[in-house]
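Notes for the structure review
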Amino acid sequence: MFITQEVAPYVEDGIMSQEGLDFPQYLTDNGRSVRTFMPRWGSINDRRHQLHEVQRLSGMNVIIDDSDHTLVIKVASIPQTRAQVYFIDNDDYFHKREMLLDEAGEPYEDNAERAIFFARGVLETVKKFRWIPDIIHCNGWATLFAPLYVRTAYRDDPPFATPRIVFSLYDDVPEALPGLELAKLVRYRSLNERVLRNAGFSLKGNVALRQILLTYCDAFIEARPGVAPELLKAAREKGKPVLEYREDLSYADKADFFESLIND
């Protein structure tokens, strides 16, 4: 299960977007069942990219800070491959809006809410699939809250009881997202202020987003050289496996890393 903020050709080519295309395809070609999810950013044109709404999956409301937000699920097939991508969409968070930064190059004030909506939208969709992944692979800032929800509010749902969570680090993890009041925004089901406080999170001011990853992820991939050294050092100290960056690191190496986690 790939939760990623970028997949080529829907986002301009880069290391993350190209891997979002090629790695799932590699696993599919080698007999694995793969599902990929990304936000439907405003730069993605439904007609040009041939997205269509999946009516049987859409129509739920995700409540964030006591406000309802409609969840729309779209899907597209990547040309010349057997791969499909599911898009999490909502007019408030994604329509006519870019990724992390706005047109002036500033972070959107509601980036935390956007990431929370994306994470919960993905998990609600997977529940409807009745599909149980072995690995949940997260890529990018937009996926930061998926590990938190999988290990708390969704842990009793069958799809999320057993998967190992892997986070690929392409850039350093931000100290905080604008407007983030953790207990207020993320609460859902069993996930509440008491759970967060018991896990050692600060509920006011800057939230250590790195702590979310260190607490709830099982393993890490160093996707760029020298990225997030303090986080990876702390992960190793906690005994969490880290696949280190190498220039010749292949998709076969990453697949083997996944297998080692599944079989551990």
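Structure first, text after, so check above.
1. A word on the overall build of the protein chain
Helix and strand content of the protein chain: eight helices and eleven strands. Against the compact-globule benchmark of 18 Å for 264 residues, the protein chain has a radius of gyration of 17 Å, which places it among compact chains. With respect to the three principal axes, the spread of C-alpha positions in the protein chain is 45 × 45 × 40 Å. Burial statistics for the protein chain: of 264 residues in total, 53% are counted as buried. Counting contacts in the protein chain only where the partners sit at least 6 residues apart, residues at least 24 apart contribute 68% of the total. Carbon and sulfur atoms form 44% of the exposed surface of the protein chain, whose accessible area is close to 12,200 Å².

2. Overview of the state of the cysteines
Applying the stated criterion across every chain, the model contains zero disulfides. Between Cys138, a cysteine without a disulfide, and Cys217, which holds the nearest cysteine sulfur, the sulfur-to-sulfur distance is 6.1 Å. Given the relative accessible area of 0%, Cys138 is considered buried.

3. Some remarks on the side chain of Glu19
For Glu19, the location among the structural elements is in helix α1 (residues 15-29). When its relative accessible area of 8% is taken as the criterion, Glu19 is described as buried. Discounting residues that sit within four places of it in the chain, Glu19 has contacts with Pro24, His137, Tyr170, Tyr251 and Lys254.

4. Concerning the packing of α1 against helix α8 (residues 251-263)
Contact geometry for α1 and α8: axes closest at 10 Å, N-to-C directions at 65°. The orientation of α1 with respect to α8, classified from their angle, is roughly perpendicular. Here α1 and α8 pass one another in a crossing that is right-handed. Between α1 and α8, the contacting residues are Gln18, Glu19, Asp22, Phe23, Tyr26 and Leu27 on the first element and Tyr251, Ala252, Lys254, Ala255 and Phe258 on the second. Taken together, the residues that form the contact of α1 with α8 break down as seven nonpolar, one polar and three charged.

5. Some points on the pattern of salt bridges
Opposite charge on two side chains permits pairing when their charged atoms draw close. According to the stated counting rule, one finds 19 salt bridges in the structure shown. In this structure, Arg164 and Asp218 form a salt bridge, with 3.6 Å as the shortest nitrogen-oxygen distance. Of the two residues, Arg164 is situated in strand β9 (residues 164-169) and Asp218 in the loop between α6 (209-216) and β10 (219-222); the sequence distance between them amounts to 54 residues. Judged by its relative accessible area of 16%, Asp218 is buried. Ionic pairing is found between Glu193 and Arg197, a salt bridge with its closest N-O pair at 2.4 Å. One end of the pair, Glu193, and the other, Arg197, are both in helix α5 (residues 193-198), four residues apart, so they sit about a helical turn from each other. Using a relative accessible area of 47% as the deciding quantity, one classes Arg197 as partly exposed. What emerges from the salt-bridge pattern is a single network uniting Arg40, Asp46, Lys74 and Asp89.

6. Notes on the sheet that holds strand β7 (residues 84-89)
In a beta sheet, neighbouring strands are held together by backbone hydrogen bonds and run either parallel or antiparallel to one another. Spatially, the nine strands line up as an open sheet ordered β3-β6-β7-β2-β1-β8-β9-β10-β11, and their pairing is mixed. The two strands at the open ends of the sheet, each matched to only one other strand, are β3 (52-53) and β11 (242-243). As paired elements, strand β6 (residues 72-77) and β7 share six bridges and run antiparallel to each other. Pairing of Ile73 across the sheet is with Ile88, part of β7.

7. Some thoughts on the packing of α6 against helix α7 (residues 229-237)
Each pair of packed helices can be summarised by the angle the axes make with each other and by the distance between the axes. For the pair α6 and α7, interaxial distance at closest approach is 10 Å and the crossing angle is 30°. Taken together, the axes of α6 and α7 are roughly parallel relative to one another. Every pair of crossing elements has a handedness; the one defined by α6 and α7 is right-handed. Residue-level inspection shows Arg210, Leu213 and Leu214 of α6 in contact with α7, the latter providing Leu231, Ala234 and Ala235. Taken together, the residues of the contact of α6 with α7 sort by class into five nonpolar, no polar and one charged.

How each quantity is defined
- Residues numbered from 1 in each chain as written.
- Predicted model: local features only at pLDDT ≥ 70, side-chain atom pairs only at ≥ 80, totals over all residues.
- Heavy atoms only, no water.
- Helix = DSSP H or I, 4+ residues; strand = E, 2+ residues; numbered from the N terminus.
- Rg over C-alpha atoms; globule rule 2.2 N^0.38 Å.
- Buried < 20%, exposed > 50% of the residue type's maximum accessible area, 1.4 Å probe, protein only.
- Contact = heavy atoms within 4.5 Å.
- Areas by Shrake-Rupley, 256 points an atom, 1.4 Å probe, with all protein chains shown as cover.
- Disulfide = S-S within 2.5 Å.
- Axes fitted to C-alpha atoms, helices over the stretch in contact; angles between N-to-C directions.
- Parallel < 35°, antiparallel > 145°, perpendicular 65-115°, else oblique.
- Left-handed = near helix turned anticlockwise from the far one by under 90°.
- Nonpolar A, V, L, I, M, F, W, Y, C, P; charged D, E, K, R; others polar.
- Salt bridge = Lys/Arg side-chain N within 4 Å of Asp/Glu carboxyl O.
- Pairing = 2+ DSSP bridges.

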